[in-house]
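Now for the letters of each chain:
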Amino acid sequence: FKLDVPGHPAEMSSGFELNHTVNDMVVAEASIGGVIRRLAFLATTADDRELMILDVTNPSAITQIYNPQQNLPGDFDAKSIYLSGGRLFIGRESSVWPDLYVYDITRPEFGAFILGSAEVGAGVIALRATENLAFLTTDKSGEEFQVWDVSDLSSMANLSKLSVSGVFAGGLDLDENLIYI
């Protein structure tokens, strides 16, 4: 959709058929072969493509530019996604496998490669990250908000788990030194 007139979006294209639900997305520009492209990074319900990357530079000709070389274990869905510099964070439904993954997407034309993963012990509903910290909302009672040290992606560590007044924590955002849940 295009917002030439505020409050009145106009459809630009019929889109791209995924045959899966998109649970979260982030759109960013990236240089591919010296050309600036607009990419959509999608957290989906596809068992073999929890992460999908689409080139949305031309809304009338959206193309999938990458299928992850490594399928994440199990058939658990990606629920949340966040881009921080050249690192793409993916949160998944709770499983016996890791629930938090960090990808290197500095060269998206060659794919996205896992830099690290961690077992959160809960489904990661929303996430945001800085250079050294990841902030998560989860579906685990009493641990709805978590802070993780992501300075060393080979050994990410939980720093704190907090209850959010006994309610389900959903969305999350950061603003300087404030966290909104």
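Our structure's up above, just so we're on the same page.
Keep in mind that what you see is a predicted model, and the values were worked out from it rather than measured.

Here is what the cut-offs are and how they apply
Residues numbered from 1 in each chain as written. Predicted model: local features only at pLDDT ≥ 70, side-chain atom pairs only at ≥ 80, totals over all residues. Heavy atoms only, no water. Pairing = 2+ DSSP bridges. Helix = DSSP H or I, 4+ residues; strand = E, 2+ residues; numbered from the N terminus. Axes fitted to C-alpha atoms, helices over the stretch in contact; angles between N-to-C directions. Core = buried A, V, L, I, M, F, W, Y, C linked by side-chain atoms within 4.5 Å. Buried < 20%, exposed > 50% of the residue type's maximum accessible area, 1.4 Å probe, protein only. Salt bridge = Lys/Arg side-chain N within 4 Å of Asp/Glu carboxyl O. Contact = heavy atoms within 4.5 Å. Phe/Tyr/Trp six-rings, centres within 6.5 Å; stacked < 30°, edge-to-face > 60°.

A few words on the sheet that holds strand 11 (residues 124-129). As summarised here, the arrangement of the four strands in space is 11-12-13-14, forming an open sheet in which the pairing is antiparallel. Each edge of the open sheet carries a strand with a single partner, namely strand 11 and strand 14 (157-162). Across the sheet, the mean angle separating the axes of adjacent strands is 20 degrees when strand polarity is ignored.

Within the largest apolar cluster, 18 residues are counted, with the highest numbers of intra-cluster contacts made by Phe 41, Leu 51, Ile 81, Leu 88, Ile 90 and Tyr 103. Put simply, the parts of the chain that give this core at least two residues each are strand 3 (22-32), strand 4 (35-44), strand 5 (51-55), strand 7 (78-84), strand 8 (87-92) and strand 9 (100-104).

Attention now moves to the pattern of salt bridges. Applying the stated criterion across every chain, the model contains six salt bridges. In this structure, Glu 50 and Arg 92 form a salt bridge, with 3.4 Å as the shortest nitrogen-oxygen distance. Here Glu 50, found in the loop between strand 4 and strand 5, pairs with Arg 92, found in strand 8; they are 42 residues apart in sequence, far enough to count as distant. For the pair formed by Glu 50 and Arg 92, the shared burial category is buried. In this structure, Glu 143 and Lys 140 form a salt bridge, with 3.9 Å as the shortest nitrogen-oxygen distance.

Take the environment of Leu 162 next. Considering the arrangement of structural elements, one finds Leu 162 in strand 14. Each C-alpha atom, one on Leu 162 and one on Gln 146, is 6.2 Å from the other, the two residues being 16 residues apart in sequence. Here Leu 162 is in contact with Gly 142, Glu 143, Glu 144 and Phe 145, once residues within four sequence places are set aside.

This part is about the packing of aromatic side chains. Summed over the entire model, instances satisfying the criterion amount to one aromatic pair. Aromatic side chains Phe 135 and Phe 145 sit 6.5 Å apart centroid to centroid with 10 degrees between the ring planes, which places their arrangement in the stacked category. Placement of Phe 135 in strand 12 (residues 133-138) and of Phe 145 in strand 13 (residues 145-149) is noted, with a sequence separation of ten residues between them. For Phe 135, a relative accessible area of 9% translates into the label buried.

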